[in-house]
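Okay, here's what each chain looks like letter by letter:
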Amino acid sequence: MIIKPKVRGFICITAHPVGCEHNVLDQIKVTQAAGHDAAKGPKRVLVIGASTGYGLASRITAAFGYGAATLGVFFEKPSSAEKTGTAGWYNSAAFDQAAKQAGLIAKSINGDAFAHETRARAIEIIKNEMGGPIDLVVYSLASPVRKLPDTGEVVRSALKTIGQPFTNTSVDTNKDTVIEATIEPATEQEIKDTVTVMGGEDWALWIDALSAAGVLAEHAKTVAYSYIGTEITWPMYWHGTLGQAKQHLDNTAKQLRSRHPGLDAYVGVMKSVVTQASAAIPVIPLYVSIAFKIMKEKGIHENPIEQANRLFHDRLYRADGKAAPTDDEGRLRLDDWELRDDVQIPCKTLWPTVTTENLKQITDYAGYKHEFLQLFGFDRADVDYEAEVEADRRFDCLEG
Ligand SMILES: NC(=O)c1ccc[n+]([C@@H]2O[C@H](COP(=O)([O-])OP(=O)(O)OC[C@H]3O[C@@H](n4cnc5c(N)ncnc54)[C@H](O)[C@@H]3O)[C@@H](O)[C@H]2O)c1
């Protein structure tokens, strides 16, 4: 099959297996070049949301930086001979192949991480196939919907402000034009539902279940990813519905620390990057295009793989053996470079001057578009997109 991108709104409904494989191999190379000390790192790692974005980068860092056995949980559409799979499916297939070639244990579950059954399956795999208890749990889910595990009720999140509508410059990524976007305030129910989907409840269910089953190592660590951002995006993110969910995550980390003595439970505040999840958030694509431009000029640009490598190397598994430095709330701050004044002040200055005409000159919108397509395995110079390719990729993956 010849596979071309088909972009619909903020998603691409096709993915290229060879491009995705190259993306994974690139991330492995970055990790291997980072010079991690395998003896200091995790041995057995569970990554929830392991197939794309920050979760995939964390899995690659654990496996190829530290030689860890990994169990990845994700929710992806498998490929068939007639239809492409999702990018996360192809990424996971490529990861599985590379890990096995490197002699690493790699187990995967394709299923709903919010379901008790998926947790039970993961626990079985840890008991029987991981060679011991888990010493790191990375929680990296991004989902617009959660089926509650006890009742089966389906709850949806809302990407909205709280209190006031918020109008700001944004970019229409389909038309490549700068627009005014207004984001409406959420109802009380929408706020509550967003916290239910993207807050810490499910993270806690995972940790409690792993602990109760005796498959969590005594001095294990866990990190759940968060975003705070800056004044530019606060009205719609940190002060909006998603911010409420992320504050719930902060409280959950505190509860987990007190409920599980010996467990290092962290929220990891990461920088803004191009992922399938962030592409869906209004205003973020324009903010990212501006911030990337400035961070690239300063030589401090990072993608998820560089962020994950820095998280492991400089925070969670420090060479000096010291505890990870945190902010006052106990969070790990990997957004430190993005929040520097010499990044944020130029961002604020540039923001009001962006128009459709100068979008590509004064921001890194071209870089944003490239990275978006690359998420799905497209727009890579080293892949022949005119060539026939086998769309179906199979690997050792338990279907949940
Ligand atoms: N993208 C950013 O700019 C950014 C910045 C800071 C923090 N974060 C946070 O990082 C985390 C991961 O986001 P991302 O941007 O890497 O997203 P992503 O869309 O790339 O990845 C989401 C992952 O969750 C999995 N998933 C979704 N629903 C699932 C379900 N029901 N069961 C099992 N797996 C499921 C997907 O398969 C995928 O592996 C989120 O908490 C997000 O808020 C993202």
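Nothing here was measured: the structure is a model prediction, and the numbers come from that model. (Residues numbered from 1 in each chain as written. Predicted model: local features only at pLDDT ≥ 70, side-chain atom pairs only at ≥ 80, totals over all residues. Heavy atoms only, no water.)

A word on the pattern of salt bridges
Logical step 1: Across all of its chains, the model carries 30 salt bridges by this definition.
Logical step 2: The residue Glu386 makes a salt bridge to Lys4 at a minimum N-O spacing of 2.6 Å. Separated by 382 residues along the polypeptide, Glu386 in the loop between helix H13 (365-375) and strand E14 (398-399) and Lys4 in the segment before strand E1 (7-8) bring together distant segments of the chain.
Logical step 3: Taking relative accessible area as the criterion, Glu386 reaches 54% and is therefore assigned exposed.
Logical step 4: With a shortest N-O distance of 3.6 Å, Lys348 and Glu231 are connected by a salt bridge. One end of the pair, Lys348, is in helix H11 (residues 341-350); the other, Glu231, is in the loop between strand E11 (216-226) and helix H7 (241-259), and 117 residues separate them in sequence.
Logical step 5: Here Lys348 falls in the partly exposed class, since its relative accessible area comes to 37%. (Salt bridge = Lys/Arg side-chain N within 4 Å of Asp/Glu carboxyl O. Helix = DSSP H or I, 4+ residues; strand = E, 2+ residues; numbered from the N terminus. Buried < 20%, exposed > 50% of the residue type's maximum accessible area, 1.4 Å probe, protein only.)

Some points on the pairing of strand E6 (residues 134-139)
Logical step 1: Among the 6 residues in E6, 6 count as buried, and that is most of the element.
Logical step 2: Bridge count between E6 and E11: 5 bridges; the pairing is parallel. From the neighbouring strand, Val137 faces E11, where its bridge partner is Thr222. (Pairing = 2+ DSSP bridges.)

Some words on the sheet that holds E6
Logical step 1: A sheet is described by the order of its strands in space; here 8 strands give the open sequence E13-E12-E11-E6-E3-E4-E5-E14, paired in parallel fashion. This sheet does not close on itself; its edge strands, each paired only once, are strand E13 (332-333) and E14.
Logical step 2: Bridge count for E11 against strand E12 (residues 264-269) is 6 bridges, and the pairing is parallel. Across the sheet, Val223 pairs through a bridge with Tyr266, a residue of E12.
Logical step 3: The sheet contacts of H7 involve E11 and E12, and relative to E12 the element is tilted by about 160°. (Contact = heavy atoms within 4.5 Å. Axes fitted to C-alpha atoms, helices over the stretch in contact; angles between N-to-C directions.)

What about the packing of helix H2 (residues 53-66) against helix H3 (residues 87-101)?
Logical step 1: It is the contact of H2 with H3, at a shortest axis distance of 12 Å, that shows an interaxial angle of 0°. Judged by the angle between their axes, H2 and H3 are roughly parallel. For the pair H2 and H3, the contacting residues are Leu56, Arg59, Ile60, Ala63 and Phe64 in the first and Asn91, Phe95, Ala98 and Ala99 in the second.
Logical step 2: For the contact of H2 with H3, a count of residues per class yields 7 nonpolar, 1 polar and 1 charged. (Parallel < 35°, antiparallel > 145°, perpendicular 65-115°, else oblique. Nonpolar A, V, L, I, M, F, W, Y, C, P; charged D, E, K, R; others polar.)

Points about the UniProt feature "domain: Trans-2-enoyl-CoA reductase-like NAD(P)H binding" (unreviewed entry) in the chain
Logical step 1: As annotated by UniProt and renumbered to match this structure, "domain: Trans-2-enoyl-CoA reductase-like NAD(P)H binding" (unreviewed entry) occupies residues 2-80.
Logical step 2: In residues 2-80, the share of helix is 39% and the share of strand is 19%. The end C-alpha atoms are 14 Å apart. (UniProt positions renumbered as here; feature names shortened; annotations may be inferred.)

A few points about the site of the ligand
Logical step 1: Surveying the vicinity of the ligand reveals 30 residues, the closest of which are Ser51, Thr52, Glu76, Ala113 and Thr275.
Logical step 2: Between an oxygen atom of the ligand and a main-chain N or O atom of Gly53, the distance comes to 3.4 Å.
Logical step 3: In this structure, Asp112 approaches the ligand through a side-chain N or O atom, which is 2.9 Å from a nitrogen atom.
Logical step 4: Its free accessible area being 840 Å², the ligand has 92% of it covered by the protein chains.
Logical step 5: At the level of elements, H2, E11 and helix H8 (276-279) are the ones that each hand at least two residues to the shell around the ligand.
Logical step 6: The element that contributes the greatest number of residues to the shell around the ligand is H8, accounting for 3 residues.
Logical step 7: For the shell around the ligand, the class distribution of residues is 14 nonpolar, 12 polar and 4 charged. (Near = heavy atom within 4 Å. Polar contact = N/O pair within 3.5 Å; in protein donor to acceptor, adjacent residues only side chain to side chain. Areas by Shrake-Rupley, 256 points an atom, 1.4 Å probe, with all protein chains shown as cover.)

A short note on the packing of aromatic side chains
When we look at a pair of aromatic rings, we describe it by the centre distance and by the angle of the planes.
Logical step 1: A full pass over the atoms with the stated rule returns 10 aromatic pairs.
Logical step 2: Ring geometry for Trp89 against Phe395: centres 4.8 Å apart, planes inclined by 55°, an arrangement best described as tilted. Linking Trp89 in helix H3 with Phe395 in the loop between H13 and E14, this pair joins segments that are 306 residues apart in sequence. There is no split in this pair, since Trp89 and Phe395 are both buried.
Logical step 3: Where Tyr227 meets Tyr237, the ring centres are 4.9 Å apart and the plane angle is 90°; that geometry is what we call edge-to-face. Of the two residues, Tyr227 is situated in the loop between E11 and H7 and Tyr237 in the loop between E11 and H7; the sequence distance between them amounts to 10 residues.
Logical step 4: Through a chain of ring-to-ring contacts, the aromatic side chains of Tyr66, Phe312 and Tyr317 assemble into a single cluster.
Logical step 5: Lying over the aromatic face of Trp337, Arg310 brings its terminal NZ or CZ to 3.6 Å of the ring centre. (Phe/Tyr/Trp six-rings, centres within 6.5 Å; stacked < 30°, edge-to-face > 60°. Lys NZ or Arg CZ within 6 Å of the ring centre and 35° of its normal.)

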